[in-house]
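Chains, contacts and geometry: an overview
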Amino acid sequence: MEDLRLELECEKQYGRCRNFIVSSIPHSENEDVQHKIATQKFMSTQKCRLHEVYNSLIAEELILPDETLDVNMLFEHFCDVLREIVAKHTPLKKIGVFRFPCWFSTDLTNLTIEKKRLQRKYKDSLDEQSYAEFSRIRTQCRNLSRVCYYDYITYVQGCITSDPKAFLNFARNNKRLDMCPSTLKYGDKSETEAKQMCDLIASYFSSVFSPPSLVRNSYRFNTPFCLSGLSLTTSEVFDALGELDVTKGCGPDLIPSSVLRYCSVLLCNPLQAVFNKLLHDGIFPDVLMLSYVVPIHKGGSKEDARNYRTIVIQSAVVKIFEKFVVKKLNPLFLNVISPKQHGFCRGKPTTTNMIVLEANIVKAFSNRKHLDAIYLDFSKAFDKVSHSRLLAKLEAYGGVGYLLEWIAVIFLIEYYVW
């Protein structure tokens, strides 16, 4: 049931993809997933009692075990302790399919239930007293529903800028579209069962991914640096924890960003110690390799697996860890990456490329010259790029030793939850 718990937590955080995110559930448990989702309760991380978590961490005296232990065990121990404290101070929330709209108040919900009870009572008895009682409650429900809906619309209109998620949820609920198709097709295969549909779309995503090549590529670049390892300071970890976006959901580790940010004073030292040990040993922890993969519909028929793209939901700790490495590598490669590169470069997004093109067009028109522009789109570029070649180029540029081993682990040994 542990896998089921994680899958349903993903459903809570990242939309109604329940028909796809069930491949880890045993087949015998997969027959009535909708009912399981509707009756299970899970952590409402947005309502986590952060102050109590902070006090528990102080009482726990979170100290890393002996550094001579295996680094994977060391980091797993850290995550387990933190996760248990978070679970202790986080209220449970029932998720899944609800019988009433989101704008129903508690009073309106109770009145609606009472109205249905009285309606059944009147149909059984057909007496005037039962009808009068039912009619009175029905009138109260009608009046209260108007008030609740008006308050909800007023709230949505008033918080479009401050809380855009409320508006998006309102628009999504009004569409009343089923996000999961009843049938999924890929090639000559067609599936209707949830587990088989999940496996089918996973097969499509796997087919467009290029496996690592066994052929070792060799490159030679004249770069003035050689980087074999990195080290992080406590202040760097503290600053990164303070920059976390608390509105983002948590990954499979079930540790929300709000906890990491609120408790950054207590967590920066142990995280700094374990981060440096992982970088020194060239190891990426197993617990951080687990991610949620959620299929997002791009357009066209929802029954075609090729019309979906993937997003990967990672742990907040992974984002911090990878951000450190990128921040350390970026200055070294400023002279390696072409100055004409736009996109994935700080201060030079793809929009600046369009500005440069517009300037060249205006200049050509002013000089009465002809200008040709060709834009190419590589299909599945990030999935089909050769990771082994990227690693070989990184080594040729000067990335060697433990650092290269650490990056190779991320590229070549990564697994996901579907």
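Our subject in this report is the structure included herewith. (Residues numbered from 1 in each chain as written. Predicted model: local features only at pLDDT ≥ 70, side-chain atom pairs only at ≥ 80, totals over all residues. Heavy atoms only, no water.)

1. Re the packing of aromatic side chains
- This model, assessed by the stated rule, comprises nine aromatic pairs.
- Geometrically, the ring pair formed by Y54 and Y262 is edge-to-face, given 6.1 Å between the ring centres and 85° between the ring planes. Placement of Y54 in helix α3 (residues 50–60) and of Y262 in helix α10 (residues 257–262) is noted, with a sequence separation of 208 residues between them.
- Judged by relative accessible area, Y54 falls into the partly exposed class, the value being 22%.
- One aromatic cluster in this structure is built from F275, F284, F321 and F324. (Phe/Tyr/Trp six-rings, centres within 6.5 Å; stacked < 30°, edge-to-face > 60°. Helix = DSSP H or I, 4+ residues; strand = E, 2+ residues; numbered from the N terminus. Buried < 20%, exposed > 50% of the residue type's maximum accessible area, 1.4 Å probe, protein only.)

2. What about the nonpolar core?
- F75, L241, L260, L267, L271, F275 and F284 are the most contacted members of the largest nonpolar core, which has 51 residues in total.
- Examining the composition of this core, we find that nine residues originate from one element, helix α4 (residues 71–88), more than from any other.
- With sequence-adjacent residues up to four places away left out, F75 is seen in contact with L271, V274, F275, L278, P285, V287, L288 and V317.
- With nine residues, the next largest nonpolar core counts L200, I201, F205 and Y308 among its residues. (Core = buried A, V, L, I, M, F, W, Y, C linked by side-chain atoms within 4.5 Å. Contact = heavy atoms within 4.5 Å.)

3. Structural notes on the environment of M354
- With respect to the element layout, M354 can be found in helix α13 (residues 350–366).
- Distance in space between the C-alpha atoms of M354 and H342 is 9.5 Å, their sequence separation being 12 residues.

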